[in-house]
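What follows is each chain in one-letter form.
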Amino acid sequence: MNSSIDERIAHIRSSLPPSVRLIAVSKQVPAEVIRLAYNAGIRDFGESRIQETANKQVELQDLSDITWHFIGHLQSNKAKKALELFEWIHSVDNLKLAQRLNQLAQQLEVSPQVCLQVKILPDPHKSGWSVPELLADLGELNQCQFLQIQGLMTIPPLGLAEAEIVHVFNSTRQLAEEIQSQKLPNIHMQHLSMGMSGDYQLAVQAGATMVRLGTILFGDRN
Ligand SMILES: *Cc1c(COP(=O)(O)O)cnc(C)c1O
């Protein structure tokens, strides 16, 4: 990439509505590059591995106003560590994990912000609730009172045509509206975490409130 990270961040930030939260996905990005993004104004970083994040947080501990977002598949045996490292977990993808996080959040006296990961279309490569499964689990999710359930997260399957991607994002928004209309006291649906480097403009048009951008900010990963 020819432009500097400052220029790329400024360009993307200015192309997003001010209300959309830009999460810089810094997986595989070294701490010193995260620091450059921080100096360019980024305060939200997304990571998908626990140990990698723990190491970076040690190197970046002077940057105390970073918000760390977990966006990867979370194994239940790493749930406690995830709560220690992250304020947001976008990728809560099944009821058992939600209940485990809820129990740990109570013990650790934290109240993590979470999104429920949903699959609008079947995708063997991704985890997440199907729409009927999620609707069926809402009652039990509503009992997870130590979680702040803030909205939905989705990742369209790879290789979709633009119209199909738009359909996935619009369906996710409609699902959030449908869940919101049930007025479950512990389930809020004000956030939609959707949009990556290749599709974030479509996601924003469909109502994304948080976009998760890696490649377009930091360049290709290995
Ligand atoms: C890696 C990743 C991203 C960022 O993807 P880019 O295409 O590099 O922007 C966003 N969301 C999730 C869940 C990811 O794993």
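Here, every reference points to the structure presented above.
Residues numbered from 1 in each chain as written. Predicted model: local features only at pLDDT ≥ 70, side-chain atom pairs only at ≥ 80, totals over all residues. Heavy atoms only, no water.

Chemist: Where do I start with helix H2 (residues 31-39) in this structure?
Modeler: Three or four residues apart is the spacing at which side chains of an α-helix point the same way, because the helix has 3.6 residues per turn. Inspection of H2 places Ala31, Ile34, Ala37 and Tyr38 among the buried residues, and these make up the whole buried set. With its buried residues spanning 110° around the axis, H2 presents them on a single face. Residues of H2 that are exposed and point more than 90 degrees away from the buried face comprise Glu32 and Asn39. Residues of H2 that are buried sit in contact with helix H1 (5-15), strand S2 (44-47), helix H3 (50-59), strand S3 (67-70) and helix H9 (215-218). Just downstream of H2, Gly41 is the residue with a positive phi angle, here 110°. (Buried < 20%, exposed > 50% of the residue type's maximum accessible area, 1.4 Å probe, protein only. Helix = DSSP H or I, 4+ residues; strand = E, 2+ residues; numbered from the N terminus. Arc of directions from axis to C-beta. Contact = heavy atoms within 4.5 Å.)

Chemist: Would you mind showing me how to read the pattern of salt bridges here?
Modeler: In the structure shown here, the tally under the stated rule is 8 salt bridges. Residue Lys56 is joined to Glu47 by a salt bridge in which the shortest nitrogen-to-oxygen separation is 2.8 Å. Take Lys56 and Glu47: they sit in the same class, and that class is buried. Salt bridges here are not isolated pairs; linked through shared partners, they connect Glu47, Glu52 and Lys56. (Salt bridge = Lys/Arg side-chain N within 4 Å of Asp/Glu carboxyl O.)

Chemist: In this structure, what is going on with the side chain of Glu47? I would like to understand it.
Modeler: If you trace the backbone, Glu47 turns up in strand S2. Side-chain polar atoms of Glu47 contact the side chain of Lys56, separated by 2.8 Å. Residue contacts for Glu47: discarding those within four places in its chain leaves Ser26, Lys27, Ile34, Glu52, Thr53, Lys56, Trp68, His69, Phe70, Ile71, Gly72 and Phe86. (Polar contact = N/O pair within 3.5 Å; in protein donor to acceptor, adjacent residues only side chain to side chain.)

By themselves, these observations are geometric and do not establish any function.
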